[in-house]
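Fold and geometry: a report
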Amino acid sequence: MNEFIYNGQPSRVVFGAGALKHLEREIELLGARRALVLSTPEQQSQAQMVADRLGNRAAGIFPRAVMHVPMETAREAREDARRLGADCAIAIGGGSTTGLGKAIALESGLPILAIPTTYAGSEMTPIYGITEAGLKKTGKDPRVLPRTVIYDPELTLTLPVAMSVTSGMNAIAHAAEGLYAQDSNPVMDLMAEEGIRAIARALPVIRQQADDVAARGDALYGAWLCGTVLGNVGMALHHKLCHTLGGSFNLPHAEVHTIVLPHAIAFNSEAAPQAMDRMVRALGATNRASAAAGLFDLASDNGAPVALKDIGMQAADLDHAADLAVRNPYWNPRRFGPAQHGEIRLLLQRAYEGVRPD
Ligand code: NAD
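Right, let's walk through the structure included here.

Cut-off values and rules
- Residues numbered from 1 in each chain as written.
- Predicted model: local features only at pLDDT ≥ 70, side-chain atom pairs only at ≥ 80, totals over all residues.
- Heavy atoms only, no water.
- Salt bridge = Lys/Arg side-chain N within 4 Å of Asp/Glu carboxyl O.
- Helix = DSSP H or I, 4+ residues; strand = E, 2+ residues; numbered from the N terminus.
- Buried < 20%, exposed > 50% of the residue type's maximum accessible area, 1.4 Å probe, protein only.
- Contact = heavy atoms within 4.5 Å.
- Near = heavy atom within 4 Å.
- Polar contact = N/O pair within 3.5 Å; in protein donor to acceptor, adjacent residues only side chain to side chain.
- Areas by Shrake-Rupley, 256 points an atom, 1.4 Å probe, with all protein chains shown as cover.
- Nonpolar A, V, L, I, M, F, W, Y, C, P; charged D, E, K, R; others polar.

Focus on the pattern of salt bridges
Summed over the entire model, instances satisfying the criterion amount to 18 salt bridges. Arg-82 is the partner of Glu-79 in a salt bridge, and the nearest nitrogen-oxygen pair spans 3.2 Å. Here the residue Glu-79 and the residue Arg-82 both occupy positions in helix α3 (residues 71-83), the gap between them amounting to 3 residues, near one helical turn. Salt-bridge contacts for Glu-193 lead to Arg-281; the nearest nitrogen and oxygen are separated by 2.9 Å. Note that Glu-193 is positioned in helix α6 (residues 186-208) and Arg-281 in helix α10 (residues 273-283), a separation of 88 residues in sequence. One continuous salt-bridge network, built from bridges that share partners, spans Glu-193, Glu-194, Arg-197, Arg-278 and Arg-281.

Quick look at the structure:
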């Protein structure tokens, strides 16, 4: 057994179909009396439903969360929280809504109760991001880690199938990179492998029947595990590439993760053989050539995009993307930096074309 450090993160998880019924109890346990409920405009009715449940314990709703937490939105939400005397923020939605809650907590220290309805995993991390003047700045602060997370698969039944698949692949990406993280530990390895397994099992069922509660439960359980891995250990090449492509070329978050993941894993396969074995096992991909091919097949068999050219990337931008990706590289099991520009450019070309890694 190698040396390791394990730091448990202090969040409370309440999981189960219908778990939203515990909301009042959980708010009570947080000691909150006036909760501000956050959502995107698309999920305003869910935010209203949460506020209605809370009655006079709801201070109001702020239904204007958008992708990547623009500073102006963060300021408005902070101002609303102050004006309404909120002592807690409830974020119902995906990573964008949780991210807005984090922006409020970062400034005010308000506790967040998160009710995730995608598989992005932000609710289990102390990582925040705020976008100002076109630049997304990220950081880590224990204050932004939601204190309580209610995972209710019934609230995910409305997540469209296409988004469910790419969001599931986004979650798997956290676990896949966690398996070869420099600061990993045996507990995170268990969670990562189990998280990949649960999501890989769930996606084909969800694709057939979007309102299968058991499969939705598996996927959300996997999202919790994968999000926990993201919150506990460092990410590597794959996340660097996705951050670059999403941030600089304005490509959609979950789709970029879905497309790039098999190629980043192929790049790292020889440098991290134990992680690959775990991935192959979790994907049930033993009759397939590799973890990378198994991930590609999971995405393409379930109808997800597999080529950057199909989600708005321009061929003319690939050189620049490679330049940006090798600048300030993250730690990675296989070295990548300016000297590996050619290999990263090739990786991006393959992701652009949607070539199945072998
Ligand atoms: P999202 O939160 O932007 O949601 C996408 C759309 O789906 C929104 O319109 C949302 O309202 C809708 N939606 C969500 N759940 C739904 C449901 N059950 N039914 C119907 N519609 C639903 O997307 P996301 O992929 O969850 O989050 C992406 C953002 O989260 C990115 O900005 C990313 O950087 C961030 N993120 C942050 C972390 C972190 O640790 N800080 C981790 C993962 C993602």
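Things to note about the environment of Phe-296
Within the secondary structure layout, Phe-296 lies in helix α11 (residues 291-301). Look at Phe-296 and you get buried, because its relative accessible area is 8%. In this structure the C-alpha to C-alpha distance between Phe-296 and Arg-197, which are 99 residues apart in sequence, comes to 15 Å. Leaving out residues up to four positions away in the same chain, Phe-296 has contacts with Pro-262, Val-306, Gly-354, Val-355, Arg-356 and Pro-357.

Notes on the site of the ligand
Near the ligand lie 23 residues; those nearest to it are Thr-40, Ser-96, Thr-117, Thr-118 and Thr-125. Contact between the ligand and Gly-95: an oxygen atom at 2.8 Å from a main-chain N or O atom of the residue. Here an oxygen atom of the ligand and a side-chain polar atom of Thr-125 are 2.6 Å apart. In isolation the ligand has 860 Å² of accessible area, and contact with the protein removes 85% of it. The greatest single-element share of the shell around the ligand, amounting to 3 residues, is contributed by helix α4 (residues 95-108). Tallied by class, the residues present in the shell around the ligand amount to 7 nonpolar, 13 polar and 3 charged.

Purely geometric numbers; function is a separate question.
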